[in-house]
Amino acid sequence: MLRLRVLLALAGAVLANPGLAQEDDALQLRLATELNVVPADATTSARLLPLEVSINGARAGNWVLLDIQGALYAPEDAFTEWRLTRDPQLSPAQHFGQSWYPLGSVPGFEAQFKPADQSLELKFQPSAFTATRIAAQAPTRPALTPPLTALFANYDLSYTRTSGETGSGSDLGAITELGISGRAGVLTSSFVGRNLAGAETGTPSWKRLETTYVLDFPETSTVLRLGDTVTRAPVWGRSVYYGGVQWARNYASSPGFITQPIPVVAGRASAPSVVELYINDALRQTSQVPSGPFTIENAPLLTGSGQARLVVRDLLGRETVVVQNLFTHAALLRAGLADWSIEAGAVRNNLGVDSASYGERFGAGLLRYGLTDGVTLEGRAELGQETRGAGGALAVALPWQTLAQVGLAASHDGSAGNGTQWLALAEHASLRHGFTVRAQGASREYREIGQNAGTLPYKLQTLASYSYAATQAGHLGLAYGNVETYDNGSFRTQSASYSHRIGRGNSLTFTATRVSGPAAGNSIGVALLIPLDRGVAGAASFTRRGGETEGYASASRSIGLETGSAWRALAGHRLGREYAEGGWYYQGGKGMVTADVSASDAQQAVRLGAQGGLVFADRELFASRKVLDSFAVIEVPGYADVGVGFQSSVLARTDEAGRALLPRLMAYRANSIRLDPSELPISAELDTIEAVVVPPLRSGVKVTFPVRAGRAALLTIVLDDGAPAPAGAEIALAGDEKEFFVARRGEAFITGLLDKTNVLTLKWQGQQCRIAVELPRGKADEIARLGPYTCAGVKQ
């Protein structure tokens, strides 16, 4: 309706004022033919101006403005589309039954009229525009890939042979895990075996470690755990192993969901500009913004503190730089967000020693809630047979990139009585400076679920640390710690360290430590780290303590994600004796083997190890690396020894049947699985070499790459008269949907041919013929050159 009224007004002005004939002829012609009505409220003191408008250097399109005695007015929809803020208290001018608002009331208004092209350049201050909000899109939960029902087993074997002054012996130990996963969740059970070689040190034994059933509910970001698990610890307490049930929030099953507050970076642009966002001097994002203020609310997540630098560059290349400190912390929850856990069961005792030793039964609950983006509340209560308690804590974001936490808890124990515990913490981190101050104390009677009745809490624990980091000056660290007990006196530690880069990547570190209390002593040390090429690094360290000097020199090469080997070698002086160590490690697609040796004047030892996993899924048994995450059964039908992995890495290879097991997939996240195309024969045709899957927790999924099998051949086809078959003629292979075409000289490249007689049909301008092609013997990747074949019955 508004546009119609403006067009009506413009039509009246055009018809009533011949002086406007210099304006857009096409627009006048359309208005004159379609709208030839002059509104009754038109006045001679005001006139309508159809103009091409630009705002702060950016084109805003063709608009009709109102000129009243030299003052420009615009309709309300112009203010909306141009994102201009107007004073709501100003009364509009009425013209042709329409409301018009003065542009001169907008801050920084300037206008330059160009009669030659009937254009108007408008300029406003950045504060005149409504803010542009660059926010992250709401995370979309990827659809889960249906999981397979799979059985898996992990093993970690270790054999040790020692000899020396105290005698000789050998031992074989193992840690194993059995599991089953599928649509109904994941059930696992782990065991530890000791003295399996019949060593003199003890009787062979197997002990159960943990048995746990886990069922995730990604839609609600919750998880159900049954069996052996760990309690959620409050900020003032500790975790406890127990057997029972846990129902808890699990944001890990919602990838992309950010629980902590996201820093907001703000700036303003005087003209349409490109904004570059640097976080800690690293370019993290580039965005385009119109004129006016803007906020960036999808900045890459930081934990702790950082510094944002905005470089605003307009169309003329002018730059404005804005520096802003950022702060967020994992201890904070976004406003309105809750994190919780409800637990019930019995405390697990002697884990790794007894298979099923359970103690006090209890129930507990923990709740964290984001009151605001800068304030998070926390509360926990626990009720046991002998012990019960409750407490609360507060986390607050303070100025100067500082987080403060305070907590208070109270308990009642059947034998110890009533007790209290308190906590106060402050920490700060910036690009150069950082500090932590923590103090925690408890009364003698304070007890928690799972705490041994005869173990007293610490009376007072204090910690203070400071760090300074600079690119040229190096890194300085200072720390102080003090522990006061009720029965063993006090322990105090003071330490200092300084590290500095030398040359390209080398670092030199000095340390000094002083310990006072029952075990007093001083030490100073120096360490040098020299990284070399291809993952090789050298290191040396010397320490002086208790009147003796210890030191070593070492060299090592780390192991990568793919298959390969690593090694280490070390020699030095320790505890008054010379000693040396060495090791070699090989990681393959089906596991890892290790070998370590150590020797000194007192003892020599050899340690051999093997780690890996077995998976039974999709009616096949696979050997693999340890299955600690989700996995996929890969199928490339008919193609053996093809590399499979992520991006450019290769983690597994297909077997003779074209199948492989790929471990290390991330649960609930989109995993891009890729084939190595260089290892496929040239005759193989794939629609894609990449597939994306979203597996559940520690579950297997199946990925089949559709490969068009068969051999390839270059055929020469001629017609009855000996002329080559016409270029563009269509060729079809019987039993195959793929189409081929004849190229120049009657040649056609055909794939999918089998080692038997293949029937081809050539079609051209309503004519067709059949050709029988039989491949000679050869390898799958060999391209046969065959022909000429005569196509009878087809003419040019």
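See the structure above.
Keep in mind that what you see is a predicted model, and the values were worked out from it rather than measured.

Conventions adopted
Residues numbered from 1 in each chain as written. Predicted model: local features only at pLDDT ≥ 70, side-chain atom pairs only at ≥ 80, totals over all residues. Heavy atoms only, no water. Helix = DSSP H or I, 4+ residues; strand = E, 2+ residues; numbered from the N terminus. Rg over C-alpha atoms; globule rule 2.2 N^0.38 Å. Buried < 20%, exposed > 50% of the residue type's maximum accessible area, 1.4 Å probe, protein only. Contact = heavy atoms within 4.5 Å. Areas by Shrake-Rupley, 256 points an atom, 1.4 Å probe, with all protein chains shown as cover. Salt bridge = Lys/Arg side-chain N within 4 Å of Asp/Glu carboxyl O. Pairing = 2+ DSSP bridges. Axes fitted to C-alpha atoms, helices over the stretch in contact; angles between N-to-C directions. Disulfide = S-S within 2.5 Å. Core = buried A, V, L, I, M, F, W, Y, C linked by side-chain atoms within 4.5 Å.

(A) Representation of the overall build of the protein chain. Check the secondary structure of the protein chain and you find three helices and 55 strands. The C-alpha radius of gyration of the protein chain comes to 38 Å, more than 25% above the 28 Å expected for a compact globule of 796 residues. Counting only C-alpha atoms and orienting by the principal axes, one finds that the protein chain spans roughly 115 × 90 × 55 Å. Expressed as a percentage of its 796 residues, the buried residues of the protein chain come to 41%. If you take every contact in the protein chain between residues at least 6 apart in sequence, the share linking residues at least 24 apart comes to 51%. Summed over all atoms, the accessible surface of the protein chain reaches about 41000 Å², with 55% contributed by carbon and sulfur.

(B) Quick peek at the environment of F631. Structurally, F631 can be placed in strand β40 (residues 630-635). For the pair F631 and L337, spaced 294 residues apart in the sequence, the C-alpha separation amounts to 32 Å. Beyond its immediate stretch of four places on either side in the chain, F631 contacts A150, F152, S181, V615, L661, L662, P663, L665, R698, S699, G700 and V701.

(C) Here's a closer look at the pattern of salt bridges. Under the definition given, this model contains 28 salt bridges. Ionic pairing is found between R238 and E448, a salt bridge with its closest N-O pair at 3.8 Å. You can see R238 sitting in the loop between β13 (222-230) and β14 (241-249) and its partner E448 sitting in the loop between β27 (433-442) and β28 (460-470), a full 210 residues away along the chain. Among the charged side chains, a network of salt bridges with common partners joins D618, E620, E635, R659 and K702.

(D) Geometry of the sheet that holds strand β15 (residues 265-269). Strand order in this open sheet of three strands is β8-β18-β15, and the pairing throughout is mixed. Lying at the two open borders of the sheet, with one neighbouring strand each, are β8 (132-134) and β15. Each neighbouring strand pair of the sheet contributes to a mean axis angle of 20 degrees, computed without reference to strand direction. Here β15 runs beside strand β18 (residues 292-296); their pairing, made up of five bridges, is antiparallel. Within the sheet, the bridge partner assigned to A266 lies in β18 and is T295.

(E) Quick peek at the state of the cysteines. What the rule picks out here adds up to one disulfide. Two residues share a disulfide in this structure: C769 and C791, whose sulfurs sit 1.7 Å from each other. A torsion of -110 degrees about the S-S bond marks the disulfide between C769 and C791 as left-handed. One end of the pair, C769, is in strand β54 (residues 767-774); the other, C791, is in strand β55 (residues 783-791), and 22 residues separate them in sequence. The class of C769 is buried, set by a relative accessible area of 5%.

(F) Region of interest: unusual backbone geometry. Here the residue pair G787 and P788 is connected by a cis peptide bond, since its omega of 5 degrees sits within 30 degrees of zero. Within the secondary structure layout, P788 lies in strand β55. Look at Q69: it is not a glycine, yet its phi comes out positive at around 50 degrees. Note on placement: Q69 falls in the loop between β2 (58-68) and β3 (71-75). Since its relative accessible area comes to 73%, Q69 is described here as exposed. At N195, a position not held by glycine, the phi torsion is positive, near 55 degrees. Topologically, N195 is positioned in the loop between β11 (185-194) and β12 (205-217). A relative accessible area of 13% means that N195 is categorised as buried.

(G) Structural detail: the pairing of strand β31 (residues 506-516). Of the pairings in the sheet, the one linking strand β30 (residues 490-502) to β31 comprises eleven bridges and is antiparallel in character. Within β31, the residue paired with H500 across the bridge is L508. As paired strands, β31 and strand β32 (residues 521-531) are joined by nine bridges and run antiparallel to one another. Note on β32: the bridge partner recorded for L508 is L528. Between β31 and β32, which pair antiparallel one after the other, the connecting turn spans four residues, and G517 there sits at a positive phi close to 130 degrees.

(H) Structural view of the nonpolar core. Within the largest apolar cluster, 25 residues are counted, with the highest numbers of intra-cluster contacts made by I731 and L762. Other than its neighbours up to four places away in sequence, L762 contacts I717, A725, A729, E730, I731, V742, Q767, Q768, C769, C791 and V794. By size, the runner-up hydrophobic cluster in this structure holds 21 residues, among which are L51, W63, Y101 and L122.

(I) The arrangement of the sheet that holds strand β43 (residues 659-665) in detail. In spatial order, the strands read β43-β40-β47; together these three strands make up an open sheet with mixed pairing. Taken across any chain shown, the strands that pair with only one partner, and hence form the sheet edges, are β43 and β47 (700-704). Ignoring strand direction, the axes of neighbouring strands in this sheet form an average angle of 25 degrees. By the bridge criterion, five bridges tie β40 to β43 in an arrangement that is antiparallel. By the bridge assignment, I634 is partnered in β43 with A660.

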